[in-house]
Amino acid sequence: MAANYTRRKFLRTTSVAVLAAPAATRAAEDTAGGAKLAKLGGPKAVQTRPGKWVRWDEQEQQQLRAAIEQPSLFYWQGRGPNKQTATLIERFRQYCPNEHVVTCSSGTAAVHIAIAAAGIGPGDEVITTPISDIGSVSGILFQQGVPVFADLEPSTYNLDPKSVARCITPRTKAIIAVHLAGTPCNLAPLQALAEKHGLVLMEDCAQAWGAKYRGRPVGSIGHVACYSLMNSKHIGSGDGGVVASSDPKIGPALLKFADKGNARTDPNYRWDQTAVLATNYRMSELQAGFAAVQLTRLEGIAAKRAALGRVLIEGISDLPAVMPPALDAADRGTFWFFYFRLRLERLKCTRAEFAEALRAEGALCSAGYIPVPLYKLPYFQNHGFFAGRWPVKELGLTAMDYTQVKCPEAEAILATGIQITLNESMDETLMRETAAAVRKVAKHFAA
Ligand SMILES: Cc1ncc(COP(=O)(O)O)c(C=O)c1O
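Keep in mind that this is a model prediction, so the values were computed, not measured. (Residues numbered from 1 in each chain as written. Predicted model: local features only at pLDDT ≥ 70, side-chain atom pairs only at ≥ 80, totals over all residues. Heavy atoms only, no water.)

A.B. asks: I'd like to hear about the overall build of the chain, residue by residue, with values.
C.D. replies: Helices and strands together make up the secondary structure of the chain, namely 15 helices and 13 strands. Computed over the C-alpha atoms, the radius of gyration of the chain is 23 Å, within 12% of the 22 Å expected from 2.2 N^0.38 for a compact globule of 447 residues. Taken along the three principal axes of its C-alpha coordinates, the chain extends 75 × 55 × 40 Å. When burial is assessed residue by residue, the chain has 57% of its 447 residues classed as buried. When contacts within the chain are restricted to residue pairs at least 6 apart in sequence, long-range pairs at least 24 apart make up 71% of them. Split by element, the accessible area of the chain, about 18500 Å² in all, is 55% carbon and sulfur. (Helix = DSSP H or I, 4+ residues; strand = E, 2+ residues; numbered from the N terminus. Rg over C-alpha atoms; globule rule 2.2 N^0.38 Å. Buried < 20%, exposed > 50% of the residue type's maximum accessible area, 1.4 Å probe, protein only. Contact = heavy atoms within 4.5 Å. Areas by Shrake-Rupley, 256 points an atom, 1.4 Å probe, with all protein chains shown as cover.)

A.B. asks: An account of the sheet that holds strand β8 (residues 224-228) is requested, with residue identities and associated values reported.
C.D. replies: Across a sheet, paired strands are connected by hydrogen bonds in the backbone, their directions being either parallel or antiparallel. If you trace the seven strands from one edge of the open sheet to the other, you get β1-β9-β8-β5-β4-β2-β3, paired in mixed fashion. Looking at which strands have only one partner, the edges of the open sheet turn out to be β1 (100-104) and β3 (146-149). On average, adjacent strands in this sheet sit at an angle of 20 degrees to one another, irrespective of strand direction. As judged from the three bridges shared by strand β5 (residues 200-204) and β8, these two strands associate in the parallel manner. Bridging across to β8, methionine 202 finds its partner in valine 224. Across the sheet, helix α4 (residues 84-95) touches β1, β8 and β9 (241-245), and the angle it forms with β1 is around 130 degrees. Contacts from helix α8 (residues 187-197) reach β4 (172-178) and β5 within the one sheet, and its direction differs from that of β5 by about 150 degrees. (Pairing = 2+ DSSP bridges. Axes fitted to C-alpha atoms, helices over the stretch in contact; angles between N-to-C directions.)

A.B. asks: Let's hear about the sheet that holds strand β10 (residues 322-323): which residues, and what values?
C.D. replies: Taken in spatial order, the four strands of this open sheet run β10-β11-β13-β12, and their pairing is antiparallel. Here the strands that pair on one side only, and so sit at the sheet edges, are β10 and β12 (365-367). Of the strand pairs in this sheet, β12 and strand β13 (residues 417-420) are connected by three bridges, and their pairing is antiparallel. Residue pairing across strands places alanine 367 opposite isoleucine 418, the latter belonging to β13.

A.B. asks: Before we move on, could you go through the layout of surface pockets and cite the residues and values that matter?
C.D. replies: Roughly 430 Å³ of volume is contained in the second largest pocket. Contributing to the lining of the second largest pocket are 19 residues, with Ile89, Val101, Val102, Leu255 and Thr265 lying nearest its centre. Elements with a contribution of two residues or more to the lining of the second largest pocket: α4 and β1. Taken together, the residues of the lining of the second largest pocket sort by class into nine nonpolar, seven polar and three charged. (1 Å grid on protein atoms, 1.4 Å probe; cavity = no way out; pocket = protein on both sides within 12 Å on 5 of 7 lines; lining within 4 Å. Points joined across faces, edges and corners; volume = space filled by probe spheres on them. Nonpolar A, V, L, I, M, F, W, Y, C, P; charged D, E, K, R; others polar.)

A.B. asks: Account for the pattern of salt bridges, with residues named and values stated.
C.D. replies: Using the criterion set out here, one finds 19 salt bridges in the structure. Here aspartate 160 and lysine 162 are joined by a salt bridge, their closest N and O atoms 3.8 Å apart. The class of aspartate 160 is buried, set by a relative accessible area of 15%. The exposure class of lysine 162 is exposed, given its relative accessible area of 58%. (Salt bridge = Lys/Arg side-chain N within 4 Å of Asp/Glu carboxyl O.)

A.B. asks: So what's going on with empty space enclosed by the protein? Which residues, and what values?
C.D. replies: Going through the model one piece at a time under the given rule, you end up with three cavities of 30 Å³ or more. Broken down by class, the residue content of the lining of the largest cavity amounts to eight nonpolar, one polar and no charged.

A.B. asks: Summarise the site of the ligand; cite the residues concerned and give the values.
C.D. replies: In the neighbourhood of the ligand, 13 residues make up the surrounding shell, with Gly107, Thr108, Asp204, Ser228 and Lys233 lying closest. Within the side chain of aspartate 204, a nitrogen or oxygen atom sits 2.7 Å from a nitrogen atom of the ligand. Here lysine 233 contributes a side-chain N or O atom positioned 2.7 Å from an oxygen atom of the ligand. Starting from 390 Å² of accessible surface for the ligand in isolation, the protein chains cover 91%. Class assignment for the residues of the shell around the ligand results in three nonpolar, seven polar and three charged. (Near = heavy atom within 4 Å. Polar contact = N/O pair within 3.5 Å; in protein donor to acceptor, adjacent residues only side chain to side chain.)

Written out as structure tokens, the structure is:
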């Protein structure tokens, strides 16, 4: 529960040695004009703007030129000289060691492929988070599985292993751990649960490129990893995805679920005999070439975001009315965005008023993330997934009733959070000024 998330717990889960804001942030606070809010005519706390955000350049152009000199833009090499997909797969494997790596059209596709390859079928339950992109969950429904929503930890915004344990039933087949906003999930207890109950542990790393759990890249710990290369992610190719596994049952099945049932590279594959029902989730050579270059930029992007996020955490961690995001000292978070929570009972304002005042200070921020937890979407509430119907419920394969689902911590996370834009075009000065803006607004509204 949020109220129980004490300073002691924060100290245990962060590497920040001092809770008082560092001198540089306090200096930024002083020059921010003391207590008078910009909204009320005071000077803005944030004067620094992001730099020019160059996400791709001649290197990607060169790679695309090389691709269009190939005789084919199809992913599968066959006997041809196509190189882009092979290069992306090789670089991905170096970044995130997995024996089987398959490129695909999106992060949503990656999760759907993983679900299908794990053999999730009608009525099988998959435990996951109610705070994510719908792409974390739609693949479960398309395979006629049943998403089961567990509650979250108050300050990582990721699955609470205790809540996951309570959700396990004889029908549970898998857990999808989503590393939200680039913060690694608490994977060890989830792994222990998966092992104890014979479950597949999937990692949805769409928002967590470059993040590390205990020194290892996310996506190299569970049974299967799913990544998105959609435009807004740390790295991308407009759209795209990667799904990977070293599991001997899941790994070899990935390719056929990405390519209409065709495991083209499997020597035992027979189109007429071994194919399965699957859709077309292929990625072309053009996207693969682009993404292969983007992967070479990842470490720089991840390290920068990790450092900027730390500055923000340090700058706001002593404020009684603010809950900074928690990050274990042994992990690396790569901040797809920065999300902190307000203790509204310690403030004389609403979340909307806080966000408005913060924006007036020049901070790049907005209130909340997704408007409601996924189970509150109308098609979950009326179980109308397929032309208004849900066959697994009609067949008696599940008694799930999403109108009865409640994840109080997840709902509180969405109701009390402020999102700050963070990316590699920014610098530490901007982060310190942003922290000073949060401090100024929090002090102004302190109850
Ligand atoms: C956690 C998470 N999973 C899955 C997806 C789906 O990725 P895509 O948009 O590439 O389908 C997203 C996209 O934002 C995401 O954030």
